[in-house]
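In case you want the letters, here they are:
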Amino acid sequence: MVSGDGRRRIRTILHVDFNSYFATVEQQANPRLRGKPIGVTGGDRMPASPDERASRGGERTVIGAASVEAKKFGVKTGMQIWEAKKLCPQITIVPGDSDKYLETTKKFLNILKDYSPYLEVFSIDEVFLEIPTSVIPANAGIQLNNSANSLLDPRLRGDDILEIAKSIKKRIKTEIGEWITCSIGISYNKLLAKLAGSLQKPDGLVIIANQKEAIKVLDKLELDAVCGIGPGIKNRLNKLGIFNFKQLREATLDILIFYFKSYGQFLYDCSRGINHAPIFPFYEKEEVKSIGHRHTTSHDTNNLEEIKQLLLKLTELVARRLRAKKLVGRTVHCWFRYSFHLRGEEMQLHLGGVFHGDGMQVTIPYTCDGLEIFKATWKIFHTIWNGDKIRTVGVSISNLKSETPQNLSLLPESAVQEKIIQAIDQINNKYGEFTLQRGILLGTGEMKRKPNPFLADRRFKL
């Protein structure tokens with residue numbers, strides 16, 4: 001539809017992505033860190049070299065976020081500390097502070113919700129915002145804008161999307177901090193808005209106005225430049241002789257569905273700049289589809305007793321969350337990653353290390369009992385584990401439904417077990433996780449929750 005001033009009214013989505021978020025928040029809080037290469041970690045002790053790591057039982061930590069300055073040296077998220085120091089000896093390591101990042105996130109969400117109620121939190125440092133009354137000029141094409149110094153007054157016209165984006169940038173700097181920057185992508189759907197936001201960093205502002213311009217942009221990019229096409233999908237497409245989006249458009253929908261099942265529709269639409277994904281406002285309670293926990297050990301291990309204790313602890317955590325939400329589940333999934341493998345001389349490079357792992361799921365009767373979930377998890381682990389050392393394990397349960405009286409057993413022994421579990425939950429709720437626990441877990445180390453970059457375990461109160 002075209003308005004009276006010649007501008008076409010279409011769906012308008014902004015993707016706001018904060019640059020090097022954890023690192024810039026730390027630099028904002030501590031001016032002495034500004035302009036310097038820093039790496040933010042989860043707060044673990046940091047072995048300086050592979051030899052030290054080995055001598056300390058494989059203890060490790062990784063870079064959770066690198067500042068813009070550190071990235072120029074090749075430091076990346078997920079890189080081990082000793083690797084980052086090889087690339088950038090002057091890097092400053094800062095322990096992560098999840099509460100600080102969450103408070104900053106609340107501040108920018110309070111800014112963004114002034115522009116539209118259609119605000120979706122995609123992760124702790126990026127959101128989607130739909131402006132229902134805005135317009136994109138019909139002849140806008142693709143625009144690149146980095147003029148952060150020419151920001152306009154926040155009291156702006158509701159139909160000027162470019163001014164809205166500039167206003168957001170200005171308010172973030174004035175209300176949160178001058179060192180905090182964000183890249184904003186604007187387009188007619190979520191997929192293209194996110195892509196636009198990735199094209200010019202840091203502090204970018206990019207508009208992809210229509211499908212014609214979207215196809216031009218896609219044809220200049222690698223397949224995995226788009227959210228939703230990872231290395232695995234890219235590799236499978238390459239095996240089919242598809243190496244770019246132009247070739248992907250030449251593949252028929254039937255062919256893509258044959259090889260990729262229902263995901264073939266996404267690939268077909270994606271190559272044409274089509275995406276109908278709705279905005280899910282953060283204040284709307286989403287239906288829980290699965291509950292899970294994972295843990296990365298402080299050292300690589302193939303000690304069966306240690307792994308057994310770890311899995312039991314994870315399944316107890318999963319079961320406690322099920323009961324807290326009054327849910328039961330029946331599809332148990334267990335997965336793990338083997339230890340970090342280095343390939344000869346490639347040890348000098350981050351790309352030389354490869355994580356391998358496996359996973360499988362099984363179906364059991366509906367339950368919220370940690371021991372029952374553990375039995376299924378332990379069976380899965382024994383089925384797929386090859387005996388090598390592992391570094392990370394995870395457990396989740398899906399296929400959930402509400403716990404009802406019909407789910408409860410009438411057997412006397414089951415009734416007693418349910419009362420015991422209820423009593424344990426009450427005590428642990430009052431005095432802390434694992435105050436009461438199974439005897440096999442006595443003496444095991446504390447399992448601390450790490451900062452969650454996707455906010456899966458917290459809700460905002462704005």
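What counts and how
- Residues numbered from 1 in each chain as written.
- Predicted model: local features only at pLDDT ≥ 70, side-chain atom pairs only at ≥ 80, totals over all residues.
- Heavy atoms only, no water.
- Helix = DSSP H or I, 4+ residues; strand = E, 2+ residues; numbered from the N terminus.
- Expected span 1.5 Å × (residues − 1).
- Buried < 20%, exposed > 50% of the residue type's maximum accessible area, 1.4 Å probe, protein only.
- Contact = heavy atoms within 4.5 Å.
- Polar contact = N/O pair within 3.5 Å; in protein donor to acceptor, adjacent residues only side chain to side chain.
- Phe/Tyr/Trp six-rings, centres within 6.5 Å; stacked < 30°, edge-to-face > 60°.
- Lys NZ or Arg CZ within 6 Å of the ring centre and 35° of its normal.
- Pairing = 2+ DSSP bridges.
- Axes fitted to C-alpha atoms, helices over the stretch in contact; angles between N-to-C directions.
- Parallel < 35°, antiparallel > 145°, perpendicular 65-115°, else oblique.
- Left-handed = near helix turned anticlockwise from the far one by under 90°.
- Nonpolar A, V, L, I, M, F, W, Y, C, P; charged D, E, K, R; others polar.

K.L.:
I keep staring at helix α6 (residues 161-175) and nothing clicks. Help me out?
P.N.:
In an α-helix, one turn spans 3.6 residues, which is why side chains three or four residues apart end up on the same side. The terminal C-alpha atoms of α6 lie 21 Å apart, and with 15 residues this matches the ideal 21 Å at 1.5 Å per residue to within 8%. Burial in α6 covers these residues: I161, E163, I164, A165, K166, S167, I168, K169, R171 and I172. Against β1 (13-18), α5 (98-112), β6 (126-130), β8 (182-187) and β9 (205-208) lie the buried residues of α6. Two to three positions downstream of the cap, the backbone nitrogen of L162 sits 3.3 Å from a side-chain oxygen, assigning the N-cap of α6 to D160.

K.L.:
Got a minute to help me understand the packing of aromatic side chains in this structure?
P.N.:
What characterises a pair of aromatic rings is the spacing of the ring centres plus the angle enclosed by the ring planes. Following the criterion strictly, the structure yields 13 aromatic pairs and no others. Centroid distance Y21 to F108: 6.1 Å. Interplanar angle 85 degrees. Geometry classified as edge-to-face. Here F108 lies in helix α5 and Y21 lies in helix α1 (residues 21-29), a separation of 87 residues in the sequence. By way of ring pairs, the aromatic residues F336, Y338, F374, W378, F381 and W385 are connected into one cluster. The ring of F128 carries the charged tip of K190 above its face, separated from the ring centre by 5.1 Å. Taking NZ or CZ as reference, K401 lies 4.2 Å from the ring centre of Y366, over its face.

K.L.:
I'm lost on the sheet that holds strand β4 (residues 92-95) in this one. Help?
P.N.:
Two modes of strand pairing occur in sheets, parallel and antiparallel, and in both the strands are linked by backbone hydrogen bonds. In spatial order, the strands read β3-β2-β4; together these three strands make up an open sheet with mixed pairing. Lying at the two open borders of the sheet, with one neighbouring strand each, are β3 (65-66) and β4. In terms of strand pairing, strand β2 (residues 38-41) meets β3 through two bridges, oriented antiparallel. Bridging across to β3, V40 finds its partner in A65. Most of the contacts of α1 go to β2, to which it runs at about 110 degrees, and overall it touches β2, β3 and β4.

K.L.:
I tried to follow the packing of helix α11 (residues 253-260) against helix α12 (residues 263-270) on my own but got confused; where do I start?
P.N.:
To describe two helices that pack against each other, one gives the angle between their axes and the distance between the axes. α12 packs onto α11 with a crossing angle of 140 degrees between their chain directions and a minimal axis gap of 7 Å. Relative to α12, the element α11 is oriented oblique. Where α11 crosses over α12, the two elements pack in a sense that is right-handed. Packed against α11, whose contacting residues are L253, L256, I257 and F260, the element α12 presents Y263, G264, Q265, L267 and Y268 at the interface. A per-class count over the contact of α11 with α12 returns seven nonpolar, two polar and no charged.

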